[in-house]
Structures are given as structure tokens and as C-alpha cells.
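Examination of the molecular architecture
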Amino acid sequence: MTSRAGTGLAVFLTLVGCVKPGPPEGPYAPGPVPGAEAVDGVIVGHRLMDAGEFELAQKAYTRAAVTQGMTADILAGLGSANLGLGRLATAERLLRKAIEKDQTSPEIWNNLGVVLVEKREYVEAEQVFRRAYALDDGQSDSIRDNLRLALAKSENSDYADVQEQDYKLVRRGSGDYLVRKIP
């Protein structure tokens, strides 16, 4: 019986060694996985922007800038995150820097136009949206809608009757935003 017990114990210990422990359960997020590749910070930033998490998106873009440098895409992401946070002056500065690096991106021009509309600089916003629309070959409905809004605002700029209107920023595609009126 001793040899049977010894054999049973050996089989049991062998099987126990094959079982991998499951993920630890608890209130904390799991740690990094050894050997796994990190997700690109720009992609994380875009996803966080989609979720409306502008502060976290700003941090993701900043982390991406450490490894990739201040590319036009990262500057545009930072500018858009600041726009979502209501930091219009910072958003405008970052988006203008992004345009200096990439003057052919209709999304960056569109986002700059959105900032200018928010700042009530309708004439310049109209010019910026026209540039974005031309670069996009008229393919984007959101840029066309933003251009129409800027045109309507610049034509109807009556300084005597100041009406507060609420607008929200709606993401369309990667890095493309639309200004929509809140009902």
C-alpha cells in the first residue's frame, strides 16, 4: 500500500505542477505582462478622446510624445484634448503648431476651426474650414457642416443681441471633430 500511496502522491504532485494559477483577484488592476508590447500612446489617446476622457487622453498623448517626439498627430491630439477641456488658448496654440508640421491634414485644420468658432472668431474660422474642406476634396460631411456653421455665424454676427448657445464637440473618425448644437 505504501508504493500505491507513493505513486498516487507523485501523480498528484505532477498534476499540481501543471496547473497555472489564475489571475489574482482584488481591487487593483493587473500589472504589466512580461514580454508584451505596449499599445501606442496615440491610439490610447484617440480611444480616450472617443470616450470623452480628455484629461487621460492628454496624458496618453504626452507619454507618446516621449517615445515618438512632438509629431503633428500628437500635437493635434493634445490640442483636441485641450479643446475638450475648454482650454481654448492652449488648444489653438497646439493646433497651430501641428499645422506648421503638417499643412495637408484636413482634420487638424478642421479642429483649429472648431477652436476658432468656440472663441467666436467666425471670419478666421470660415477661412480655416474652407482650407480643411479643400484639402478633404469635399468628402467630409462634418467639415462641410462646420463650414456652414461658421458662414452662418459670420453673416449673422450681431453684437447687440448676444445669445448664449451651447455646443458640444463630437468626434467623427480619427482626429476629426464636429461642433453640434446641444438641443
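If you check an unreviewed UniProt entry, the protein appears there as Tetratricopeptide repeat-containing protein from Roseovarius lutimaris.

Right, let's get into the nonpolar core. Grouped together as the largest cluster of nonpolar side chains are 37 residues, with contacts concentrated most on Y61, I74, I108, V117 and F129. Inspection of this core shows a minimum of three residues originating in each of domain 1 (40-90) and domain 2 (103-160). Among residues more than four places away in sequence, those in contact with I108 are A72, A76, L95, A98, I99 and D102.

Confidence in the prediction of the protein, expressed as mean pLDDT, is 82, and 73% of residues score 70 or more. Looking across the protein, the model is least confident in strand β1 (residues 167-171), with a mean pLDDT of 62, and most confident in helix α5 (residues 88-101), with 95.

On to the packing of helix α6 (residues 106-118) against helix α8 (residues 141-155), then. It is at 11 Å that the axes of α6 and α8 come closest, and there the two elements cross at 30°. Looking at the two axes, α6 sits roughly parallel to α8. Every pair of crossing elements has a handedness; the one defined by α6 and α8 is left-handed. Facing P106, N110, V114 and V117 of α6, the residues of α8 in contact are I143, N146, L149 and A150.

Calculation notes
Residues numbered from 1 in each chain as written. Predicted model: local features only at pLDDT ≥ 70, side-chain atom pairs only at ≥ 80, totals over all residues. Heavy atoms only, no water. Core = buried A, V, L, I, M, F, W, Y, C linked by side-chain atoms within 4.5 Å. Buried < 20%, exposed > 50% of the residue type's maximum accessible area, 1.4 Å probe, protein only. Domains from an automatic or database assignment. Contact = heavy atoms within 4.5 Å. pLDDT = per-residue confidence, 0-100. Helix = DSSP H or I, 4+ residues; strand = E, 2+ residues; numbered from the N terminus. Axes fitted to C-alpha atoms, helices over the stretch in contact; angles between N-to-C directions. Parallel < 35°, antiparallel > 145°, perpendicular 65-115°, else oblique. Left-handed = near helix turned anticlockwise from the far one by under 90°.

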